[in-house]
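Listed below, chain by chain, are the residues.
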Amino acid sequence: MADRTRTRLLNALKSSGPQTAADLATGLKVTTVAVRQHLDGLHQDELVDFEDLKGSVGRPKRVWALTSAGHQQFPDSHSNLVLGLLNGMSEIFGEDGLEKLIAHREAESRKTYAEAVATAADLPGKLDALARLRTQEGYMAEVARDGDGYLLIENHCSICAAATACQGFCRSELKLFKDVLGPDIQVERTEHQLSGDRRCVYRIESRA
């Protein structure tokens, strides 16, 4: 049970970002005391850290977040193998070869994504289908309403190591979303993990 609670805490901080112990307890439906005990253990293991934020009144609020080691608890699609292959590709075929590889991956993904959204009747349905597919690929994706538009939120990057080594992958994924959703839909990346944000977020709305 203890290991399961620790895992749920890590998942909650990964998917929803920094939170207080009370917020975590409410979300996980356990006591605040139990959450604090597990957070202390995770802190000793250097998987989480905290910041005391001062408010206008009362005591500072302690907010917990994942450390770099905490983020590394989530899979990164065999990062060492991927990095080795990318480095080898670059050395043997040069940058042009690497760009061809990215273009090939983009084309294959476009087919899969286009099929996934083809039966959806409207934009929310297309985004839900896209989020389900991205979650299956390890991105922990979800859709949220945002005024007149929507947010496609990816709480984890399953190709982070590859994208760090070659940001062409990130450029390719943004273009992929634009192509799949069509010219009448505007797609803008508003948060980017490789730029220091906790997650990647795309704001999506109709141009009409």
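Preceding this section is the structure that the text describes.
Values in this document were obtained by computation on a predicted structure and should not be read as measured data.

Parameters at a glance
- Residues numbered from 1 in each chain as written.
- Predicted model: local features only at pLDDT ≥ 70, side-chain atom pairs only at ≥ 80, totals over all residues.
- Heavy atoms only, no water.
- Pairing = 2+ DSSP bridges.
- Helix = DSSP H or I, 4+ residues; strand = E, 2+ residues; numbered from the N terminus.
- Core = buried A, V, L, I, M, F, W, Y, C linked by side-chain atoms within 4.5 Å.
- Buried < 20%, exposed > 50% of the residue type's maximum accessible area, 1.4 Å probe, protein only.
- Contact = heavy atoms within 4.5 Å.
- Axes fitted to C-alpha atoms, helices over the stretch in contact; angles between N-to-C directions.
- Polar contact = N/O pair within 3.5 Å; in protein donor to acceptor, adjacent residues only side chain to side chain.
- Salt bridge = Lys/Arg side-chain N within 4 Å of Asp/Glu carboxyl O.

## Regarding the pairing of strand E3 (residues 141-146)
Link 1 in the chain: Inspection of the sheet shows E3 paired to strand E4 (residues 149-154) by six bridges, in the antiparallel sense. Residue pairing for E4: Val-143 is matched across the bridge by Leu-152.

## Focus on the nonpolar core
Link 1 in the chain: Membership of the largest hydrophobic core comes to 21 residues, with the highest contact counts inside it found for Leu-152, Val-187, Tyr-202 and Ile-204.
Link 2 in the chain: Counting residues per element, the ones that place at least two in this core are helix H5 (79-117), helix H6 (123-136), E4, helix H8 (168-181), strand E5 (185-191) and strand E6 (200-206).
Link 3 in the chain: It is H6 that contributes the most residues to this core, six residues altogether.
Link 4 in the chain: In contact with Leu-152, other than residues within four places in its own chain, are Leu-130, Ala-131, Ala-141, Glu-142, Val-143, Phe-177, Cys-200, Val-201, Tyr-202 and Ile-204.
Link 5 in the chain: The next biggest cluster of nonpolar side chains, apart from the first, holds 16 residues, and it includes Ala-12, Ala-25, Leu-28 and Trp-64.

## Describing unusual backbone geometry
Link 1 in the chain: Phi at Lys-29 is positive, roughly 60°, even though this residue is not glycine.
Link 2 in the chain: Relative to the assigned elements, Lys-29 resides in the loop between helix H2 (21-28) and helix H3 (32-44).
Link 3 in the chain: At Glu-46, a residue that is not glycine, the phi angle is positive and equals roughly 65°.
Link 4 in the chain: Mapped onto the elements of the fold, Glu-46 is located in the loop between H3 and strand E1 (48-53).

## Focus: the environment of Leu-101
Link 1 in the chain: Considering the arrangement of structural elements, one finds Leu-101 in helix H5.
Link 2 in the chain: Overall, the relative accessible area of 31% leaves Leu-101 in the partly exposed class.

## Observations regarding the sheet that holds E6
Link 1 in the chain: Read from one edge to the other, the open sheet built from four strands follows the order E3-E4-E6-E5, with strand pairing classed as antiparallel. Only two strands of the sheet have a single partner each, and these edge strands are E3 and E5. The sheet shows a mean angle of 25° between the axes of neighbouring strands, direction not considered.
Link 2 in the chain: Pairing between E5 and E6: six bridges, direction antiparallel.

## Some points on the side chain of Gln-19
Link 1 in the chain: The topology assignment puts Gln-19 in the loop between helix H1 (2-16) and H2.
Link 2 in the chain: Using a relative accessible area of 14% as the deciding quantity, one classes Gln-19 as buried.
Link 3 in the chain: In this structure the side chain of Gln-19 is engaged in a polar contact, spanning 3.3 Å, whose partner is the backbone oxygen of Gly-17.
Link 4 in the chain: Once residues within four sequence positions are removed from consideration, Gln-19 is found in contact with Ala-12, Leu-13, Leu-24, Arg-62, Val-63 and Trp-64.

## With respect to the pattern of salt bridges
Link 1 in the chain: This model, assessed by the stated rule, comprises 15 salt bridges.
Link 2 in the chain: The salt bridge involving Arg-110 is made with Asp-179; its shortest N-O contact spans 3.0 Å. One end of the pair, Arg-110, is in helix H5; the other, Asp-179, is in helix H8, with 69 residues separating them in the sequence.
Link 3 in the chain: Residue Arg-110 is classed as partly exposed on the basis of its relative accessible area of 27%.
Link 4 in the chain: One salt bridge connects Glu-191 with Arg-199, and the closest N-O pair in it is separated by 3.3 Å.
Link 5 in the chain: In this structure Glu-191 comes out as partly exposed when scored by relative accessible area, which is 24%.
Link 6 in the chain: A single network of salt bridges, built from pairs that share partners, joins Arg-105, Arg-134, Glu-137, Glu-154 and Glu-173.

## Structural notes on the pairing of E6
Link 1 in the chain: A large share of E6 lies buried, amounting to five of its seven residues.
Link 2 in the chain: Summarising the sheet, E4 and E6 pair through five bridges and their orientation is antiparallel. Across the sheet, Leu-151 pairs through a bridge with Arg-203, a residue of E6.

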